[in-house]
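If you want the building blocks of each chain, they are given just below.
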Amino acid sequence: MESVVSVSKISKSFSSGQEKIKALDSVNFNINKGEVFGLLGPNGAGKTTLIAILCGFLIPDSGTASIFNMSCTTQSEKIQKRMNFVSGFSGVMDFFTAEELLYFYCMLYNLDNTKKRVDTALKITDLQKHRKRIAADFSSGLSRRFLISKALLNDPEVLLLDEPTVGLDVDAASNMRNMINKMKKTGTTILLTTHNMREAEELCDRVALIKEGRIIACGTFAELRKKFFPLEVVEVHSDDPDKLEKQVLATKLVIKTQKLEDSIKFYLKSKTDVNKLLKAVISSGVGIRSITTIEPELEDLYTKVMRNV
Ligand SMILES: Nc1ncnc2c1ncn2[C@@H]1O[C@H](COP(=O)(O)OP(=O)(O)OP(=O)(O)O)[C@@H](O)[C@H]1O
Ligand SMILES: [Mg+2]
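Residues numbered from 1 in each chain as written. Chains lettered and ligands numbered in written order. Predicted model: local features only at pLDDT ≥ 70, side-chain atom pairs only at ≥ 80, totals over all residues. Heavy atoms only, no water.

What to know about the domain arrangement of the chain
It is common to report an interface's size as the accessible area lost on association of the parts. Inclusion rule: Residue ranges for the domains originate in an automatic or database domain assignment. The contact criterion used is simple: two residues touch if any of their non-hydrogen atoms lie within 4.5 Å. Here the quantity called buried area is the total loss of accessible area, with a 1.4 Å probe, experienced by two parts when brought into contact, counted for both. Any carboxyl oxygen of Asp or Glu that lies within 4 Å of a side-chain nitrogen of Lys or Arg is treated as forming a salt bridge with it. Here a polar contact is recorded for every N or O atom pair within 3.5 Å, except that within protein the pair must consist of a potential hydrogen donor and a potential acceptor, and residues adjacent in sequence are included only if both atoms are side-chain atoms.
Once the domains are mapped, the chain shows domain 1 (3-219) and domain 2 (230-308). Each of domain 1 and domain 2 has a C-alpha centre, and these two points are 41 Å apart. The partner domain 2 presents 8 residues to the 11 residues of domain 1 that form the contact. Roughly 860 Å² of surface becomes buried between domain 1 and domain 2 when both sides are summed, with 68% attributable to carbon and sulfur atoms. The tally of links from domain 1 across to domain 2 stands at 0 salt bridges. One can count 1 residue pair in polar contact (both at pLDDT 80 or more) joining domain 1 with domain 2.

A closer look at the site of ligand 1
Counted only if it meets this: Being near a molecule or strand, for a residue, means having at least one of its heavy atoms within 4 Å of it. To measure how exposed things are, a 1.4 Å probe is used in the Shrake-Rupley method; for residues, cover is taken only from the protein chains shown. A helix here means a DSSP run of H or I that spans at least four residues, while a strand means a run of E at least two residues long, and both kinds are numbered starting from the N terminus.
The full set close to ligand 1 counts 13 residues, and Asn43, Gly44, Lys47, Thr48 and Thr49 are the nearest of them. A distance of 2.9 Å separates an oxygen atom of ligand 1 from a polar side-chain atom of Asn43. Separating an oxygen atom of ligand 1 from a side-chain N or O atom of Thr48 is a distance of 2.7 Å. In isolation ligand 1 has 640 Å² of accessible area, and contact with the protein removes 64% of it. When contributions to the shell around ligand 1 are tallied by element, the ones reaching two or more residues are strand S2 (19-32) and helix H1 (47-54).

A few points about the pattern of salt bridges
Basically, it comes down to this: For every residue, the accessible area (1.4 Å probe, protein chains only) is compared with the maximum for its type, and the residue is labelled buried under 20%, exposed over 50%, or partly exposed between those bounds.
As enumerated under the stated definition, the model contains 18 salt bridges in all. The salt bridge partner of Asp61 is Lys12, with a shortest N-O separation of 3.9 Å. Pair noted here: Asp61 is in the loop between H1 and strand S4 (62-67) and Lys12 is in strand S1 (residues 3-16), with a separation of 49 residues, a long-range link. Residue class for Asp61 comes out partly exposed when judged on its relative accessible area of 48%. The closest approach of N and O atoms between Glu202 and Arg177, which form a salt bridge, is 3.6 Å. A residue pair is termed long-range when its members are at least 10 positions apart, and Glu202 in helix H7 (residues 197-203) and Arg177 in helix H6 (residues 170-185) qualify at 25 residues. For Glu202, a relative accessible area of 46% corresponds to the partly exposed category. For Arg177, a relative accessible area of 18% puts it in the buried group. Overlapping salt bridges, with partners in common, bring together Glu99, Lys115, Asp119, Arg131 and Lys132 in one network.

A few points about the nonpolar core
How we decide: The definition of a nonpolar core used throughout is a set of buried Ala, Val, Leu, Ile, Met, Phe, Trp, Tyr and Cys residues joined through side-chain atoms within 4.5 Å.
Core analysis: the biggest nonpolar cluster contains 50 residues, and Phe146 and Leu209 have the highest contact counts within it. Looking at which domains feed residues into this core, each of domain 1 (3-219) and domain 2 (230-308) gives three or more. Discounting residues that sit within four places of it in the chain, Phe146 has contacts with Val92, Ala98, Leu101, Leu102, Tyr105, Leu127, Ala135 and Phe138. Within the second largest apolar cluster, 29 residues are counted, among which are Val7, Cys72, Ile79 and Leu191.

Things to note about the pairing of S2
Regular strands have side chains that alternate between both faces of the sheet. Applicable threshold: Any two strands between which DSSP finds at least two bridges are classified as paired.
Pairing of S1 with S2, which is carried by 10 bridges, proceeds in the antiparallel orientation. Paired with Ser13 across the strands is Lys22, a residue of S2. Joining the antiparallel neighbours S1 and S2 is a turn of 2 residues, in which Gly17 adopts a positive phi near 65°.

As for the sheet that holds strand S5 (residues 70-71)
What counts, and what does not: To define axes, lines are fitted to C-alpha atoms, for helices over the stretch in contact only, and angles between the resulting N-to-C directions are given on a 0 to 180 degree scale.
With antiparallel pairing, 4 strands are arranged side by side in an open sheet as S2-S1-S4-S5. The sheet terminates laterally at S2 and S5, the two strands that pair on one side only. Bridge count between S1 and S4: 5 bridges; the pairing is antiparallel. Note that in S4 the partner of Ser6 across the bridge is Ser66. Where H1 meets the sheet, its contacts fall on S1, S2 and S4, and the angle it forms with S1 comes to roughly 120°.

Thoughts on helix H5 (residues 140-152)
Spelled out, the test is: Multiply 1.5 Å by the residue count of a helix minus one, and that product is the helix's expected span.
Look at H5: 19 Å from first C-alpha to last across 13 residues, which is about the 18 Å you get at 1.5 Å a residue. Burial within H5 is extensive, with 12 of its 13 residues counted as buried. Within H5, the full set of buried residues consists of Gly141, Leu142, Ser143, Arg144, Arg145, Phe146, Leu147, Ile148, Ser149, Lys150, Ala151 and Leu152. As for H5, its buried residues are in contact with strand S6 (83-86), helix H3 (98-108), helix H4 (114-124), strand S7 (158-162) and H6.

Here's what the structure looks like:
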């Protein structure tokens, strides 16, 4: 598979007062062509720092970052022709309408077919009806959409999105996710950052979990689930959870139980024990309303990985 974005042993520290903060600590990953890759992590984990390095705005202390096999540090101008980004450090100029600004950016980037580009960018971000408004007066959600329309002008092969849905209302966030999926279908390679595990699962082919500047896990969600949650989980709604728990624990099939308001979760060591568990549940004599095998909650996975490593 063709690797389009490559990050190798990137480290970056900042001085803040008396303290030295290691924002990135030997970070490695590759993003393949056409892939949507998510960088997931808590506040201060290093996500924006990494995007700034990929954009060529920050120089790493060590390591290399490249896009299309060109160095993000020394060949950023060349890369910019084929990539674009939306981040907190993207600003909007005063006094001009959204449409005027987009035409201006086309000129700045030396782009042809400007009318078509501007119309398409406004259409994808659903901003047509706001095109004559002063962009600097936009609400935060509209500004975000405007910045994305700006990022689409050069038809980027690589798009870097720092928290693309932050500050968007429910409809706008859903449009944004649709837009990302559409871009993916056209072969765009996308790196996005988010705190939202569900959003990442919906959009990303693979994710890297980053904590205190270090990648602590990387892979597809299926791989992460298998690695961090190898257990099979069965949830049972019953009339007498206490009795059920006691009887099932006696079988020694479960590693852990978790009692919820009106159900109980049994964590099994292996899939092959599901049958035995069902037999134990039925023979317990307790009234059962439902039995379901469940996927571990994404939030559980996130918490487990972030806490344990
Ligand atoms: N210019 C700077 N000067 C000093 N410290 C900085 C600077 N930029 C970032 N940092 C620090 O580096 C660390 C990583 O910051 P970064 O903005 O990359 O995190 P993040 O993962 O994007 O967080 P968030 O989810 O809050 O956006 C933080 O501790 C931050 O305070
Ligand atoms: Mg950030």
